[in-house]
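Fold and contact review
The residues making up each chain are set out below.
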Amino acid sequence: FQKGNYNFDDDKIITSFVTIDQIYEYYCLLNIINTIEKTNFNLVNSYNYKYNDINYIYKGENTFEFIDNLEGNNKITLYYQPAIYTYKFENNISLYRVNGRKTYYLPDFLIKIEGDSVNKLRYIILDAKWQNRNDINKYSLDKIINRYA
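Residues numbered from 1 in each chain as written. Predicted model: local features only at pLDDT ≥ 70, side-chain atom pairs only at ≥ 80, totals over all residues. Heavy atoms only, no water.

Our focus in this paragraph is the sheet that holds strand β2 (residues 63-68). On the basis of which strands lie adjacent, the open sheet formed by 5 strands has the order β1-β2-β3-β6-β7 and antiparallel pairing. Edge positions in the sheet fall to β1 (41-47) and β7 (122-126), since each of these pairs with one other strand and no more. If you compare each strand with its neighbour and ignore which way they point, the axes differ by 20° on average. In the sheet, β2 pairs with strand β3 (residues 74-80) via 5 bridges, with the strands oriented antiparallel. Looking at β3, one finds that F66 is bridged to I76. Contacting β1, β2, β3, β6 (109-115) and β7, helix α1 (residues 20-38) runs over the sheet at an angle of about 175° to β3. (Pairing = 2+ DSSP bridges. Helix = DSSP H or I, 4+ residues; strand = E, 2+ residues; numbered from the N terminus. Axes fitted to C-alpha atoms, helices over the stretch in contact; angles between N-to-C directions. Contact = heavy atoms within 4.5 Å.)

Another point: the pattern of salt bridges. Counting across every chain of the model gives 3 salt bridges. With a closest N to O distance of 3.8 Å, E114 and K112 form a salt bridge. (Salt bridge = Lys/Arg side-chain N within 4 Å of Asp/Glu carboxyl O.)

Ranked by size, the top nonpolar core spans 15 residues in total, and within it L29, I36, F66, L78 and F109 carry the most contacts. No other element matches the 6 residues that α1 contributes to this core. Other than its neighbours up to four places away in sequence, F109 contacts E25, C28, L29, I32, L78, Y79, Y80, I124, I125, L126 and A128. Within the second largest apolar cluster, 7 residues are counted, among which are Y51, I54, I93 and L110. (Core = buried A, V, L, I, M, F, W, Y, C linked by side-chain atoms within 4.5 Å. Buried < 20%, exposed > 50% of the residue type's maximum accessible area, 1.4 Å probe, protein only.)

Inspection of the entire model under this criterion finds 5 aromatic pairs. Between Y85 and Y87, the aromatic rings sit 5.4 Å apart at their centres with planes inclined by 65°, giving edge-to-face as the arrangement. Their ring planes at 65° and their centres at 6.0 Å tell us that Y85 and Y104 sit as a pair that is edge-to-face. With Y85 in strand β4 (residues 84-85) and Y104 in strand β5 (residues 104-105), the pair connects residues that are 19 residues apart, well separated along the chain. Three or more aromatic residues joined by ring pairs make a cluster, and in this case those are Y85, Y87 and Y104. (Phe/Tyr/Trp six-rings, centres within 6.5 Å; stacked < 30°, edge-to-face > 60°.)

This is how it looks when you write it as structure tokens:
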């Protein structure tokens, strides 16, 4: 909001929110994008990927591709609410779910790092929580760690 007044009338991203948790997730998404751009990466592509077998409420862009400014040999892809399946890969995500009752997980964020600066493909899974640190440690942390480990 440092850019001044913003008109949300035509913005399909804002109108797709339902809860304060989702607003917080979008706030985190904007901060992650800003942080990636501050580390000498340019956003070169963004799009809404529709995962098979999943009905989304969110209708905005959910995949963001960045290339480094220095040599162009490194790429970061940020996924917002990507589907990680037990039985298939989608949207260039080569992770899979190893246990659980559902056939997929929907983490809040997935960051894929690839290129010359890393010797192999790396993933970072992030989960936004609209809770204080004590509540996360008490109620959520074990569940989250076991879900994605």
